[in-house]
Amino acid sequence: MASEFDFVGELLEEFGFSVSVSRDYENNSNPATGVVTASTPLTYTGFGYPSRYKQNMIDGELIKHTDTRFVFQSDTKPENNDIFTFGGKVLTAEDVQDITSSTDSVVYIVQLRQ
(Lines give C-alpha, C1' and ligand atoms only; values in the text may rest on other atoms or scores of the structure.)
Protein backbone atom coordinates (compact mmCIF):
# COMPACT_ATOMS: atom_id res chain seq x y z
CA MET A 1 0.00 0.00 0.00
CA ALA A 2 1.37 3.41 -0.94
CA SER A 3 2.09 5.85 1.82
CA GLU A 4 1.02 9.48 1.75
CA PHE A 5 4.75 10.19 2.16
CA ASP A 6 5.87 8.34 -1.00
CA PHE A 7 6.09 11.69 -2.78
CA VAL A 8 9.06 12.64 -0.58
CA GLY A 9 11.19 9.83 -2.01
CA GLU A 10 9.99 10.69 -5.52
CA LEU A 11 10.98 14.36 -5.07
CA LEU A 12 14.40 13.39 -3.72
CA GLU A 13 14.98 11.06 -6.67
CA GLU A 14 13.99 13.78 -9.15
CA PHE A 15 15.64 16.85 -7.60
CA GLY A 16 18.21 15.49 -5.16
CA PHE A 17 21.61 13.86 -5.39
CA SER A 18 22.37 10.18 -5.73
CA VAL A 19 24.31 9.42 -2.55
CA SER A 20 26.78 6.69 -1.65
CA VAL A 21 27.13 5.99 2.06
CA SER A 22 29.65 3.79 3.86
CA ARG A 23 29.87 2.60 7.43
CA ASP A 24 33.09 1.24 8.87
CA TYR A 25 32.96 -1.30 11.63
CA GLU A 26 35.70 -1.82 14.16
CA ASN A 27 37.96 -4.79 13.59
CA ASN A 28 36.89 -7.99 15.35
CA SER A 29 39.23 -9.59 17.81
CA ASN A 30 39.05 -13.01 19.38
CA PRO A 31 40.04 -12.59 23.05
CA ALA A 32 40.93 -16.29 23.36
CA THR A 33 43.39 -16.28 20.46
CA GLY A 34 44.25 -12.59 20.16
CA VAL A 35 43.64 -12.81 16.41
CA VAL A 36 42.27 -9.59 14.88
CA THR A 37 40.24 -9.80 11.67
CA ALA A 38 39.26 -6.80 9.58
CA SER A 39 35.56 -6.08 9.24
CA THR A 40 33.93 -5.49 5.87
CA PRO A 41 32.44 -1.99 5.63
CA LEU A 42 28.75 -1.60 4.83
CA THR A 43 27.96 0.43 1.71
CA TYR A 44 24.47 1.60 0.77
CA THR A 45 22.86 4.22 -1.45
CA GLY A 46 19.99 6.65 -1.39
CA PHE A 47 18.85 10.06 -2.53
CA GLY A 48 19.26 13.31 -0.68
CA TYR A 49 19.01 17.06 -0.82
CA PRO A 50 21.37 19.39 1.07
CA SER A 51 20.40 22.65 2.74
CA ARG A 52 21.80 25.02 5.34
CA TYR A 53 20.73 25.30 8.95
CA LYS A 54 18.82 28.43 9.92
CA GLN A 55 20.98 30.94 11.78
CA ASN A 56 18.97 30.55 15.02
CA MET A 57 19.72 26.79 15.03
CA ILE A 58 23.50 27.24 14.86
CA ASP A 59 25.10 27.24 18.31
CA GLY A 60 28.73 26.73 17.22
CA GLU A 61 29.07 23.43 19.11
CA LEU A 62 26.28 20.96 18.34
CA ILE A 63 25.48 22.63 15.04
CA LYS A 64 28.26 24.55 13.29
CA HIS A 65 27.98 27.16 10.57
CA THR A 66 29.58 24.77 8.05
CA ASP A 67 27.26 21.82 8.82
CA THR A 68 24.84 20.62 6.15
CA ARG A 69 21.21 19.71 6.88
CA PHE A 70 20.59 16.77 4.57
CA VAL A 71 17.17 15.33 3.75
CA PHE A 72 17.88 11.68 2.93
CA GLN A 73 15.88 8.66 1.78
CA SER A 74 17.25 5.11 1.80
CA ASP A 75 16.22 1.57 2.66
CA THR A 76 19.08 1.55 5.21
CA LYS A 77 18.86 3.78 8.27
CA PRO A 78 21.91 6.03 8.52
CA GLU A 79 23.93 6.16 11.73
CA ASN A 80 26.30 8.66 13.29
CA ASN A 81 29.77 8.50 11.69
CA ASP A 82 28.48 7.14 8.36
CA ILE A 83 30.38 8.68 5.44
CA PHE A 84 28.21 10.41 2.80
CA THR A 85 29.61 11.01 -0.69
CA PHE A 86 27.72 13.18 -3.18
CA GLY A 87 28.38 16.05 -5.57
CA GLY A 88 32.15 15.73 -5.10
CA LYS A 89 31.88 16.10 -1.31
CA VAL A 90 32.68 13.64 1.47
CA LEU A 91 30.87 14.41 4.74
CA THR A 92 30.35 12.59 8.04
CA ALA A 93 26.99 12.09 9.78
CA GLU A 94 26.92 13.82 13.16
CA ASP A 95 23.24 13.28 13.99
CA VAL A 96 20.31 11.42 12.44
CA GLN A 97 16.60 12.12 12.94
CA ASP A 98 13.80 9.89 11.63
CA ILE A 99 10.77 11.36 9.90
CA THR A 100 8.16 8.63 10.22
CA SER A 101 4.77 7.64 8.96
CA SER A 102 3.21 5.56 11.74
CA THR A 103 6.02 3.07 12.47
CA ASP A 104 7.89 3.20 9.14
CA SER A 105 10.82 5.56 8.64
CA VAL A 106 10.15 7.50 5.48
CA VAL A 107 13.02 9.93 5.33
CA TYR A 108 15.88 11.09 7.54
CA ILE A 109 17.28 14.48 8.43
CA VAL A 110 21.04 13.97 8.69
CA GLN A 111 23.43 16.56 10.11
CA LEU A 112 26.58 16.31 7.99
CA ARG A 113 29.99 17.77 8.77
CA GLN A 114 33.23 18.09 6.80
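Summary of the structure given here. Owing to the predicted nature of the structure, the values given are computational and were not obtained by experimental measurement. (Residues numbered from 1 in each chain as written. Predicted model: local features only at pLDDT ≥ 70, side-chain atom pairs only at ≥ 80, totals over all residues. Heavy atoms only, no water.)

Let's talk about the overall build of the chain
Moving on, step 1. Scanning the chain from N- to C-terminus turns up one helix and eight strands.
Moving on, step 2. For the chain, the sequential pattern of α-helices and β-strands runs α-β-β-β-β-β-β-β-β.
Moving on, step 3. Within the chain, buried positions represent 30% of all 114 residues.
Moving on, step 4. Residue pairs at least 24 apart in sequence account for 52% of intrachain contacts in the chain once pairs closer than 6 positions are excluded.
Moving on, step 5. Split by element, the accessible area of the chain, about 7700 Å² in all, is 49% carbon and sulfur. (Helix = DSSP H or I, 4+ residues; strand = E, 2+ residues; numbered from the N terminus. Buried < 20%, exposed > 50% of the residue type's maximum accessible area, 1.4 Å probe, protein only. Contact = heavy atoms within 4.5 Å. Areas by Shrake-Rupley, 256 points an atom, 1.4 Å probe, with all protein chains shown as cover.)

Details of the pairing of strand β4 (residues 42–51)
Moving on, step 1. Judged from the seven bridges that link them, strand β1 (residues 17–23) and β4 form a sheet pairing that is antiparallel. Bridge pairing links arginine 23 to leucine 42 in β4.
Moving on, step 2. The pairing of β4 with strand β5 (residues 68–73) spans five bridges and is antiparallel. In the sheet register, serine 51 faces β5, and the bridge partner there is arginine 69. (Pairing = 2+ DSSP bridges.)

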